[in-house]
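Listed here are the chains, written in short residue letters.
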Amino acid sequence: MKTLTALGIAALATAMLTSTAVAAPRTSQAPQAVPTGKATAQSLDWGSCGPKIDTAAQCAMLRVPLDWSNPTGQQIELAVARHPATDQANKVGTLMFLPGAGVSVVNQVATPTTGGLGQAPDLAQRFDIVGIDPRGGGLDLSGGWHDADVHSQSLNCARPFNDPAVTRFPTDRAGYDRLVAHNRAAAASCVAGSGALVGHLDAESQARDAEALRAALGEPKLSWFAWTYGSLVAQTYAHLYPDRVRAMVIDSPLDHTVPTATYLRLQARSTDEAFRRFVAWCARTPYVDPDGEKGPRPAEGCALHEEDAGKALDDLIAQADREPIPVPGVDHPITGEELSFSSMYALQNGNLPSGLGGWSDLAQGIHEIRRGNTAVYAPGYANTLAPPYYHPYRAAGCLDFPNQVSGYEQFQALRREVVRLAPHTKGASDSWDYLSGCVGWPFPSTAPDHPLRVRGAAPVLLVATRHSPLAPYPLARRVAHQIEGSEVLTYEGDAHIAYFNSACVREQEQRYLVSAVTPPPGTSCADGS
């Protein structure tokens with residue numbers, strides 16, 4: 001059986017994570033419809049991606065400006081991958097794949113039968129699939145099994161962004177000042193290790209990188225498959241280059257144009273709702289092992305079915321608050337605050353099968369840690385709060401989400417509010433992670449200061465989950481109003497990314513990408529379908 005990653009943070013779950021973030025004070029405007037630096041076609045030197053990758057895949061390095069507003073200035077190289085359609089005679093076109101921040105896209109594209117694309121066989125059959133390793137690099141989700149030899153430069157930051165000695169919920173001025181100083185020191189360590197790259201990881205830069213790849217491929221239009229953080233890049237691309245979009249699926253769309261406080265409140269309420277829905281699911285879902293043994297790795301169900309799952313989580317976090325829990329493979333004992341964030345990530349993922357980072361694994365992780373098997377938490381920590389995932393994840397979020405917090409007093413007012421709204425996870429949410437993680441960040445936000453309108457593109461399919469802590473349903477619907485001619489497919493369940501939780505959603509997404517015809521208005525997929 002698979003080894004579980006405690007508290008629901010499996011490698012596949014990490015692929016689904018994204019930064020719902022807030023960043024340093026901003027002075028930016030919305031991306032300009034006419035690019036400041038126009039992509040020109042370049043010749044790509046395609047070659048092998050390495051011995052661990054599908055032999056049909058090809059990899060190359062794409063040269064782009066570090067700063068697209070200065071196209072003749074410093075250049076950087078980004079790793080790109082292409083996997084040819086397995087049915088070339090019936091190929092539809094080229095599909096740009098863009099999952100969440102902080103993960104290696106090249107690895108997933110180059111071996112599409114695994115990772116995020118593994119459940120979408122129609123896409124690998126009918127499209128040449130392409131992807132760009134993001135600026136700042138990202139985590140290899142394959143655990144080394146399908147790691148390419150070609151990658152974009154990793155963001156090199158000597159100081160860990162997550163420091164258990166620096167709380168993200170300071171209750172006094174001294175703690176707030178320590179948090180600000182820590183964030184500034186973390187950013188400075190990135191500049192020391194990677195230069196100006198840390199200030200150019202934003203969605204607009206990545207959208208222009210995608211246009212540069214399209215030009216290099218000689219494709220008149222691209223189809224897109226993006227989720228969570230990738231939705232920001234996809235929306236920006238459609239805003240800048242609407243006539244270059246053939247079809248576009250955005251699963252769990254984010255909106256980085258809403259006020260900071262609005263996002264915080266919606267995510268806190270949605271996280272608390274997810275906690276309550278997890279507890280109810282545990283109460284009605286018996287623990288089942290098809291081998292007939294109640295061992296440490298159930299095939300399905302809730303390991304806390306015979307007790308109050310909510311109290312079990314509350315008690316474990318309180319225990320770690322009193323005395324942090326040593327975990328083999330992690331360089332410090334895990335605090336209650338870290339468990340709160342890890343639990344929040346698992347709550348986001350909903351009712352996924354065991355081993356994929358959802359509610360079943362959250363319950364099993366709690367059960368195992370209480371039994372003394374704390375080692376199960378180590379992979380989860382590595383895949384979320386430690387480099388190489390967490391550094392580009394947070395640094396991109398500090399640029400891509402606004403911070404309208406004036407200082408200490410407003411920070412404290414918001415802290416009190418989110419803790420009240422989401423008491424069981426102590427106020428933890430993606431947006432709070434990045435509000436607290438980006439105060440003092442020296443690079444200004446590039447988030448648009450008004451809704452990012454898309455006009456003149458092909459119809460876009462937005463997939464919104466009814467019970468999503470990451471992309472709350474009202475905000476997902478708000479994105480639809482910003483994209484002219486878009487349609488919304490609703491998943492009536494719990495999910496971080498509906499694609500992973502619903503075969504119905506996967507079928508609708510693939511059908512639309514192949515045909516470029518959106519489902520009828522009002523189409524939905526039932527919970528668990």
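Residues numbered from 1 in each chain as written. Predicted model: local features only at pLDDT ≥ 70, side-chain atom pairs only at ≥ 80, totals over all residues. Heavy atoms only, no water.

**Focus: the overall build of the protein**
Definition in use: Helix and strand assignments follow DSSP, with helices taken as H or I runs no shorter than four residues and strands as E runs no shorter than two, numbered in order from the N terminus. Each radius of gyration is computed over the set of C-alpha atoms, and the globule rule expresses the reference value as 2.2 Å times the number of residues to the power 0.38. Type-normalised accessible area, obtained with a 1.4 Å probe on protein chains alone, sets the label of each residue: buried when under 20%, exposed when over 50%, and partly exposed for intermediate values. Whether two residues are in contact is decided by their heavy atoms, any of which lying within 4.5 Å being enough. Accessibility throughout is a Shrake-Rupley quantity obtained with a 1.4 Å probe, and a residue counts as covered only by protein chains that appear here. Positive residues here are Lys and Arg, negative ones are Asp and Glu, while His and the chain termini are left out of the count. Positions of charges follow a simple convention, taking NZ of Lys, CZ of Arg, CG of Asp or CD of Glu.
From N to C terminus, the protein includes 17 helices and nine strands. In terms of overall dimensions, the protein is globule-like: its C-alpha atoms have a radius of gyration of 22 Å, near the 24 Å expected for 529 residues. Considered along the principal axes of its C-alpha atoms, the protein spans approximately 60 × 55 × 45 Å. A total of 529 residues make up the protein; the buried ones form 62% of that total. In the protein, once contacts between residues fewer than 6 apart in sequence are set aside, the share between residues at least 24 apart is 79%. About 18600 Å² of surface is accessible on the protein, with carbon and sulfur atoms providing 51% of the total. Taking the average location of the 42 positive side-chain charges in the protein and that of its 53 negative ones, the two points are 5 Å from each other.

**Comments concerning the pattern of salt bridges**
Operational definition: Salt bridges, as used here, are contacts in which a Lys or Arg side-chain nitrogen is within 4 Å of a carboxyl oxygen on Asp or Glu.
All chains considered together, the criterion is met by 18 salt bridges. Note that Arg214 is salt-bridged to Glu211, the shortest N-O span being 2.8 Å. Placement of both Arg214 and Glu211 in helix 5 (residues 203–217) is noted, with a separation of three residues, approximately one turn of the helix. When its relative accessible area of 8% is taken as the criterion, Arg214 is described as buried. If you follow the salt bridges from partner to partner, you end up with Arg168, Arg394 and Asp433 in one network.

**With respect to the environment of Val191**
For Val191, the position within the fold is in helix 4 (residues 173–194). Here Val191 falls in the partly exposed class, since its relative accessible area comes to 37%. Among all residues touching Val191, those that are not within four sequence positions of it are Val198 and Phe443.

**Brief notes about helix 10 (residues 359–370)**
Within an α-helix, residues lying three or four positions from one another point in the same direction, as the helix has 3.6 residues per turn. To be explicit about the condition: To estimate the expected span of a helix, subtract one from its residue number and multiply by 1.5 Å.
The first and last C-alpha atoms of helix 10 sit 17 Å apart over 12 residues, in line with the 16 Å expected at 1.5 Å per residue. Among the residues of helix 10, Trp359, Ser360, Asp361, Leu362, Ala363, Gln364, Gly365, Ile366, Glu368 and Ile369 are the ones counted as buried. On its buried face, helix 10 sits against helix 7 (260–284), helix 8 (309–322), helix 9 (336–349) and strand 8 (487–494). Immediately downstream of helix 10, the backbone of Gly372 shows phi near 95°, a positive value.

**Considering helix 13 (residues 408–421)**
Between its terminal C-alpha atoms helix 13 stretches 20 Å, which fits the 20 Å expected from 14 residues at 1.5 Å a residue. Among all positions in helix 13, only Tyr408, Phe411, Gln412, Leu414, Arg415, Glu417, Val418 and Leu421 are buried.

**So, the sheet that holds strand 9 (residues 524–525)**
Where we set the bar: Pairing between strands requires that DSSP locate at least two bridges from one strand to the other.
Judged by pairing direction, the sheet is mixed, and its nine strands sit side by side in the order 1-2-4-3-5-6-7-8-9 without closing on themselves. The sheet terminates laterally at strand 1 (58–65) and strand 9, the two strands that pair on one side only. Judged from the four bridges that link them, strand 2 (residues 75–83) and strand 4 (residues 127–132) form a sheet pairing that is antiparallel. Pairing of Ala81 across the sheet is with Gly131, part of strand 4.

**A closer look at the packing of helix 7 against helix 13**
To describe two helices that pack against each other, one gives the angle between their axes and the distance between the axes. Defined as follows: A fitted line through C-alpha atoms serves as each axis, taken over the contacting stretch for helices, and the angle formed by two N-to-C directions is quoted from 0 to 180°. Comment on the angle field: the value is read as roughly parallel under 35 degrees, roughly antiparallel over 145, roughly perpendicular from 65 to 115, and oblique elsewhere. When the near helix sits turned anticlockwise from the far one by under a right angle, the crossing is termed left-handed; a clockwise turn instead gives a right-handed crossing. Three classes are used, and their members are as follows: Ala, Val, Leu, Ile, Met, Phe, Trp, Tyr, Cys and Pro are nonpolar, Asp, Glu, Lys and Arg are charged, and the others, Gly among them, are polar.
With their axes 8 Å apart at the nearest point, helix 7 and helix 13 run at an angle of 20° to one another. Considering their axes alone, helix 7 and helix 13 lie roughly parallel with respect to each other. The interaxial crossing formed by helix 7 with helix 13 has right-handed handedness. Each of Ala261, Leu264, Arg265, Ala268, Arg269 and Asp272 in helix 7 lies in contact with helix 13, whose residues at this interface are Leu414, Glu417, Val418 and Leu421. By residue class, the composition of the contact of helix 7 with helix 13 is six nonpolar, no polar and four charged.

**A few points about the state of the cysteines**
We apply this condition: Cysteine sulfur atoms are paired as a disulfide whenever they come within 2.5 Å of each other.
Applying the stated criterion to the full structure yields five disulfides. Should the bonded cysteines of the protein be numbered as they appear in the sequence, the pairing reads 1-2, 3-4, 5-6, 7-8, 9-10.

**Notes on the confidence of the model for the protein**
The criterion, for reference: A residue's pLDDT is the confidence the predictor assigns to it, expressed on a 0 to 100 scale.
Taken residue by residue, the protein gives an average pLDDT of 88. The fraction at 70 or more is 91%. Within the protein, strand 6 (residues 245–251) carries the highest mean pLDDT (98), whereas helix 1 (residues 11–16) carries the lowest (33). In the predicted structure, residues 1–30 sits below a pLDDT of 50 and forms 159 contacts with residues beyond four places in sequence or in another chain.

**Describing the nonpolar core**
Threshold: Only buried residues count toward a nonpolar core. Its members are Ala, Val, Leu, Ile, Met, Phe, Trp, Tyr and Cys residues joined through side-chain atoms within 4.5 Å.
The biggest cluster of nonpolar side chains holds 129 residues, and the ones touching the most others in it are Leu213, Trp224, Phe278 and Trp432. Ranked by residues supplied to this core, first place goes to helix 7 with 10 residues. Residue contacts for Phe278: discarding those within four places in its chain leaves Ala309, Leu347, Trp359, Leu362 and Ala363. With 39 residues, the next largest nonpolar core counts Val109, Leu489, Ile497 and Cys525 among its residues.

**Structural notes on the packing of aromatic side chains**
In this description, a pair of aromatic rings is defined by centroid distance and the angle of the planes. Test applied: The criterion for an aromatic pair is that two Phe, Tyr or Trp rings (for Trp, the six-membered ring) have centres within 6.5 Å, with stacked assigned to planes under 30 degrees apart, edge-to-face to planes over 60 apart and tilted to the rest. We call a charge positioned over a ring when the NZ of a Lys or the CZ of an Arg lies within 6 Å of the ring centre and within 35 degrees of the ring normal.
Enumeration over the complete set of coordinates arrives at 23 aromatic pairs. Pairing Trp227 with Phe500 gives two aromatic rings, centres 5.2 Å apart and planes at 65°, and the pair type is edge-to-face. Of this pair, Trp227 sits in strand 5 (residues 222–227) while Phe500 is found in helix 16 (residues 498–501), placing the two residues 273 residues apart along the sequence. Each member of the pair, Trp227 as well as Phe500, is classed as buried. The ring of Phe341 has Arg168 lying over it, and the distance from NZ or CZ to the ring centre is 4.1 Å. Stacked on the ring of Tyr473, the Lys or Arg Arg466 has its end atom at 4.3 Å from the ring centre.

**Structural notes on unusual backbone geometry**
Non-glycine residue Ser252 carries a positive phi angle of around 60°. Within the secondary structure, Ser252 sits in the loop between strand 6 and helix 7. Positive phi values are uncommon outside glycine, yet Lys426 reaches one of about 60°. Of note, Lys426 is situated in the loop between helix 13 and helix 14 (430–438).

**Concerning the pairing of strand 2**
Of the pairings in the sheet, the one linking strand 1 to strand 2 comprises eight bridges and is antiparallel in character. In the strand pairing of strand 2, Val64 is matched with Ile76.

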